Amino acid sequence: MSNINVIPVPLKTAMKVGEFILPESASLVKFVKKKIDKSVEGDEAYRLEVTPEGIKIAASCERGLFMGWQTAKQLAMTANGTTTSPGGVSLPCLETEDRPRFAYRGFMIDSSRHMQAVDELKTMIRAAAFFKFNVFHWHICDDQGFRFESGKYPLLNTVGSWRDGSHFGKIKSAERYGGFYTKDEMREIVDFCGRHYIDVIPEIEMPGHVSAVLASYPEFLCANGNNAADNNITSDKIDVKILPGIFSDILCAGKEGVYEFVCGLLDEVMEVFPSKYIHLGGDEAPKKNWRACPNCQSRIKENSLADEEELQAYFINRVSGYLKSRGKTALTWNESLKSGKLDTEVITQMWMDKEDLCANRANGGGNIIISDFFAYYADYPYAMTPLNKTYRHEPIPKKVKKENHGNILGVETPIWTEYVDNFDKMAYQCYPRFAAAAESAWSEPKNKNADDFIKRMKKITPILKKTGVNPALAGEWNPLPHQRASGMIKFAAKNYSLDFAKEFIKMAKENKK
Ligand code: ACM
Ligand code: ZN
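As a starting point, this report considers the structure included with it. Predicted model only: the values in this text are computed from it and were never measured. (Residues numbered from 1 in each chain as written. Chains lettered and ligands numbered in written order. Predicted model: local features only at pLDDT ≥ 70, side-chain atom pairs only at ≥ 80, totals over all residues. Heavy atoms only, no water.)

**Re the coordination of the zinc ion (ligand 2)**
Thinking step 1. Within the first shell, the zinc ion (ligand 2) binds the protein through C222 (SG), C252 (SG), C293 (SG) and C296 (SG), at distances of 2.3 to 2.4 Å.
Thinking step 2. For the zinc ion (ligand 2), the four donor atoms are set out with angles of 105 to 114 degrees between them, so the coordination reads as tetrahedral.
Thinking step 3. Written as a sequence motif, the donor residues of the zinc ion (ligand 2) are C-x29-C-x40-C-x2-C. Of the two residues, C252 sits in the loop between helix 5 (211-216) and helix 6 (256-272) while C296 sits in helix 8 (residues 294-302), which places them 44 residues apart along the sequence. Across the pair, C296 and C252 agree in class, each one buried. (Donors = N, O, S within 2.8 Å, 3.2 Å for Na, K, Ca; no water. Tetrahedral: all angles 85-135°; square planar, octahedral: opposite > 155°, others 65-115°. Helix = DSSP H or I, 4+ residues; strand = E, 2+ residues; numbered from the N terminus. Buried < 20%, exposed > 50% of the residue type's maximum accessible area, 1.4 Å probe, protein only.)

**Regarding the side chain of S161**
Thinking step 1. Relative to the helices and strands, S161 is located in the loop between helix 3 (155-158) and strand 10 (162-163).
Thinking step 2. In terms of polar contacts, S161 uses its side chain to reach the backbone carbonyl oxygen of F146, at 2.5 Å.
Thinking step 3. A distance of 3.2 Å separates a polar atom in the side chain of S161 from a polar atom in the side chain of N157.
Thinking step 4. Other than its neighbours up to four places away in sequence, S161 contacts F146, R147, L156, Y177, G178, G179 and F180. (Polar contact = N/O pair within 3.5 Å; in protein donor to acceptor, adjacent residues only side chain to side chain. Contact = heavy atoms within 4.5 Å.)

**Side note on unusual backbone geometry**
Thinking step 1. For the peptide bond that leads from I7 to P8, omega is 0 degrees, which places it in the cis range.
Thinking step 2. Among the secondary structure elements, P8 is positioned in the segment before strand 1 (12-23).
Thinking step 3. Here the amide bond leading from Y431 into P432 is cis, since omega sits at 15 degrees, within 30 degrees of zero.
Thinking step 4. As for its position among the elements, P432 is in the loop between helix 13 (423-430) and helix 14 (433-442).
Thinking step 5. Phi is positive for K132, which is not a glycine, with a value near 70 degrees.
Thinking step 6. The residue K132 is located in the loop between helix 2 (118-130) and strand 7 (135-139) in this model.
Thinking step 7. For D356, which is not a glycine, the phi torsion comes out positive at approximately 55 degrees.
Thinking step 8. Mapping D356 onto the fold places it in the loop between strand 17 (347-350) and helix 10 (357-363).
Thinking step 9. We classify D356 as partly exposed; its relative accessible area is 32%.

**What about the pairing of strand 15 (residues 277-281)?**
Thinking step 1. Burial within strand 15 is extensive, with four of its five residues counted as buried.
Thinking step 2. Alignment of strand 14 (residues 199-206) against strand 15, held across two bridges, turns out to be parallel. Pairing of M206 across the sheet is with G281, part of strand 15.
Thinking step 3. Judged from the three bridges that link them, strand 15 and strand 16 (residues 329-333) form a sheet pairing that is parallel. Across the sheet, Y277 pairs through a bridge with T329, a residue of strand 16. (Pairing = 2+ DSSP bridges.)

**A look at the nonpolar core**
Thinking step 1. With 141 residues, the main nonpolar core has F131, F136 and Y431 as its most contacted residues.
Thinking step 2. Sort the elements by how many residues they give to this core and helix 6 lands first, with 10 residues.
Thinking step 3. When sequence neighbours within four positions are dropped, the list of residues in contact with F136 reads F107, I109, L121, I125, I189, C193, I198, D199, V200 and I201. (Core = buried A, V, L, I, M, F, W, Y, C linked by side-chain atoms within 4.5 Å.)

What follows is the structure, encoded as structure tokens:
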């Protein structure tokens, strides 16, 4: 159990005799001394000491000092007002040594289904930094809207950024919806993240989830493209989608022009986002079009590929190779692993993997990020994903051999926004689950304790609220079994259908958590 109200729980804390009194209304900064000390190993590690005079933080670089500063703020803000010295708050003297378990500690925001204002994104980023996240994965385009401003491909914005309404379960509107982030706005986010030691990884989806791209540039469809019936469209052209779902019109993998377009777009993306990493999507790409497309079939033959799954690996490998030539590393969701032909250097993000693909990948030398659907997807109700389930999830899959644990780079928790159309909903869905994921990403398993986490989270909640992030009420964090069943039915019936609700519960039960 931790004696201090800090999330993520630090590696080691030794309580000392005495206290530091932070005078009421005094600025904490005045009482914190930061020092670069090269003997502290690791760029995010730090040592922190509370003495009767104030707080000392030592780290090998500014990044580590920033991590220590988050701890100092949490210590001070959760300190007791009742002190031996009235008019201040008391912090017990202590020494903390701290460093992260995982190098990659990410959160993802989907800005396609619903956009967030720049200030709202900043509020989420600030809160994430408070819990020592260091990656913001920005899902900036999808079937329901393209949100990256492109000078090279203007139709992506004049056409692809707009949809003729919204129909996500009970979120129903005939109003045109859309917009995009200008390059200045995206650079502002990159800069803001940089000041919080957070790397921004943009995601440009391919080859699937591209209705917004195909609505703008239908020439990138397969020869037999536009599966109107599959795609809930009645017109003869691809629409930016107003519905959620998986759509079978994807980028043609046979046409050279598609690769020229994708690489040209990525050039533009790399001008805005300096991260070493670019996410290429790669999830949920139905192969129906590719099977019937002469261009895709020729590509398969010419490259002696076994099937369409190998064609997906070819697609991602080719684009990853392009990124590599520009000094970047590609990420992809776990579906790109299906053929077993994905280049080892592509980092895979595990969200739904029933075939041990990721464990095999890590054992084979590939790097993995864990975003387990049943633990870390924050868009589902607490009835389906209670806080304890998020908290207790062990990120390293059991089948990954000990010697390969280093291939698990870390944890990422996503918020998809089909059903999250305003900031308060986002804050409610994400917190406290994001804080729980942050603790799994940073803290050693031996230091974790679910009850203790809840105690600390309750102390930290008022601080979070002051930053504009209102978490779910404590009574909702861990619903009782009967509340979970009814909550899940309610959510699924509202957003999908009663039949889906039954499937949904079955799926959750199979995952027994
Ligand atoms: C995903 O949830 N389709 C990555
Ligand atoms: Zn094709």
